[in-house]
Amino acid sequence: MNIERVELQRLIMPFKASFEASIGRMDKRDLVLVTVYDTDGNAGYGESTSFPFPMYNEETTDTVWYMLERFLIPTLLSAEITSPEEVNDLFAPIRRNNMAKAALEGAVWDLYCKQKGISLAVGLGGKKTTIDVGVSIGIEPTIDLLLAKVEGFINEGYKKIKVKIKPGFDIEPIRAIRKQFGPDVPLMADANSAYTMDQLNILKELDQFNLIMIEQPLSHDDIIDHAKLQKELQTPICLDESIHSVEDARKAIELGSCRIINIKVGRVGGLTESKKIHDLCQAHDIPVWCGGMFETGVGRAHNIAITSLTNFTIPGDTSASNRYWVEDIVEPEVALFAPGVLAVPTGAGIGYDLKPESVKKFLVRQESYNRQIAGVRE
Ligand SMILES: O=C(O)CCC(=O)c1ccccc1C(=O)O
Ligand SMILES: [Mg+2]
């Protein structure tokens, strides 16, 4: 692929409004934007989905930068690859650090598709030309404020409303949404591992609300208790935090720990692994959807591309740029093509251009690594 240089840029981008989940409150992204250049001047883009703190998974923006600089970029720059599918194998001896791996692997995928003149969606084997999308809503200070947010997003046509829950903010907000907007609103709850089996009663109470699913109710590293819980619930369990690889997915399916899987490209280490999980789930009649991590337009574009695969049958978290950003770093911005629908771009690679002047506004650090330097960085 003639990869010659990798550039890392750390960006800090404030949200329009802060977002609370059971794992904490967030008011900005702090991310690593990765650009991979080939000898012809083509550029491929990827972004890290880590947070500045290790409360979603063990990675942070600092660890992502470190792993990229110290191990992943040198590994890539000392190899000769012909396809992005090789990156997964190249990085396999390095354990975990999936978000760091995915940021670089995603940039290689984008570059590869640009070299071939095909869209990332087509490169991944996607068939859909549009995707239905949903939106994720944080824990609001009051139920009235939550209802106002839900109403706004329903009016924009979002096809799935996901609300964050935690002990003490679960039954009442869900009941209030059902009461106000009726039984037909496609609704789900995401607990981000805030419950244990000691709270089985609360989780069982959620069954009455006909939720599409309940996402990651139990521990981030569990598939055993989730299997026990799924037997007690009518509502499908969806795993997010517990699935890091196609092997994790295989075991969870075998145990009956979930009936749905949320695929986050960063969490599973990249697009190649995402595709493998998609294919495995398809073979087992497990629907998947694409989870969000407050991505900029770059990560959003990767999410749109992977969601064009056919077993992404449930609307994901990939909302429009204006859900979180006053100003995104791509053009055109990611915008709804029809209510609750995004068009899958047809241009080469991710199908969006970077806006250098916007990147500059949010930039706090930048480093470049080229092939010659990579060898001596040890
Ligand atoms: O990008 C989005 O809109 C989804 C945000 C979201 O739900 C989320 C945000 C931060 C950490 C975890 C999660 C999650 O899906 O569990
Ligand atoms: Mg989740």
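Residues numbered from 1 in each chain as written. Chains lettered and ligands numbered in written order. Predicted model: local features only at pLDDT ≥ 70, side-chain atom pairs only at ≥ 80, totals over all residues. Heavy atoms only, no water.

A few words now on the UniProt feature "binding site: Mg(2+)" (unreviewed entry) in the protein. The residues that UniProt annotates with the feature "binding site: Mg(2+)" (unreviewed entry) are Asp190, Glu215 and Asp240. A stretch of 51 residues holds the annotated residues, and the largest C-alpha distance among them is 9.2 Å, short enough that they meet in one place. For the largest cavity, the lining residues drawn from the annotated set are Asp190. Mapping Asp190 onto the fold places it in strand E7 (residues 187-190). Those residues within four positions of Asp190 in sequence are excluded, and the remaining contacts are Lys162, Val163, Lys164, Ile165, Glu215 and Gln216. At 2.7 Å, the side chain of Asp190 and the side chain of Lys164 are in polar contact. (UniProt positions renumbered as here; feature names shortened; annotations may be inferred. 1 Å grid on protein atoms, 1.4 Å probe; cavity = no way out; pocket = protein on both sides within 12 Å on 5 of 7 lines; lining within 4 Å. Helix = DSSP H or I, 4+ residues; strand = E, 2+ residues; numbered from the N terminus. Contact = heavy atoms within 4.5 Å. Polar contact = N/O pair within 3.5 Å; in protein donor to acceptor, adjacent residues only side chain to side chain.)

Once that is clear, we can look at the layout of surface pockets. Rolled over the atoms, a probe sized like a water molecule indicates the empty space that remains. One number sums up the size of the largest pocket: a volume of about 330 Å³. As for the largest pocket, its lining consists of 17 residues, of which Asn98, Lys101, His244, Ser245 and Glu273 are closest to the centre. Those elements that place two or more of their residues in the lining of the largest pocket are helix H2 (85-91), helix H3 (98-116) and helix H9 (246-255). For the lining of the largest pocket, a count of residues per class yields 5 nonpolar, 5 polar and 7 charged. Residues from two domains meet in the lining of the largest pocket; each of domain 1 (3-117 + 354-376) and domain 2 (122-353) gives at least three. (Points joined across faces, edges and corners; volume = space filled by probe spheres on them. Nonpolar A, V, L, I, M, F, W, Y, C, P; charged D, E, K, R; others polar. Domains from an automatic or database assignment.)

This brings us to the side chain of Lys162. Tracing the backbone shows Lys162 in strand E6 (residues 161-164). For Lys162, a relative accessible area of 1% puts it in the buried group. Reaching out from Lys162, the side chain makes a polar contact with the side chain of Glu215 at a distance of 3.0 Å. The residues contacting Lys162, other than those within four sequence positions of it, are Val135, Ser136, Ile137, Met188, Asp190, Glu215, Asn262, Trp289 and Asp317. (Buried < 20%, exposed > 50% of the residue type's maximum accessible area, 1.4 Å probe, protein only.)

Turning to the pattern of salt bridges, a few remarks are in order. Here the structure, examined in full by the defined rule, presents 24 salt bridges. Lys28 is paired through a salt bridge with Asp27; the nearest N and O atoms lie 3.9 Å apart. Classification of Lys28 by relative accessible area gives partly exposed; the value is 36%. For Glu254, the salt bridge identified is with Arg250, shortest N-O distance 3.2 Å. In this pair, Glu254 and Arg250 are both assigned in helix H9, 4 residues apart and thus about one turn of the helix distant. By relative accessible area, Arg250 is classed as partly exposed at 32%. Overlapping salt bridges bring together Lys162, Lys164, Asp190, Glu215 and Asp317 as one network. (Salt bridge = Lys/Arg side-chain N within 4 Å of Asp/Glu carboxyl O.)

This part takes up the domain arrangement of the protein. Split into domains, the protein comes out as domain 1 (3-117 + 354-376) and domain 2 (122-353). A straight line from the C-alpha centre of domain 1 to that of domain 2 covers 23 Å. Every contact between the two is made by 42 residues of domain 1 and, on the other side, 50 residues of domain 2. Summed over both partners, the interface of domain 1 with domain 2 buries about 3,900 Å², with 62% contributed by carbon and sulfur atoms. Counting the surface domain 1 buries against domain 2, the share from its top three residues, Lys16, Phe19 and Tyr56, is 18%. Counting every contact that joins domain 1 to domain 2 gives 3 salt bridges. Lys361 is the salt-bridge partner of Glu327, the closest N and O atoms lying 2.8 Å from each other. Viewed at the interface, domain 2 and domain 1 are joined by 26 residue pairs in polar contact (both at pLDDT 80 or more). Contributions of two or more residues to the side of domain 1 that touches domain 2 are made by strand E1 (3-21), strand E2 (24-38), strand E3 (43-47), H2, H3 and helix H12 (356-362). A per-element tally of the side of domain 1 that touches domain 2 places H3 first, with 11 residues. (Buried area = accessible area lost by both parts, 1.4 Å probe.)

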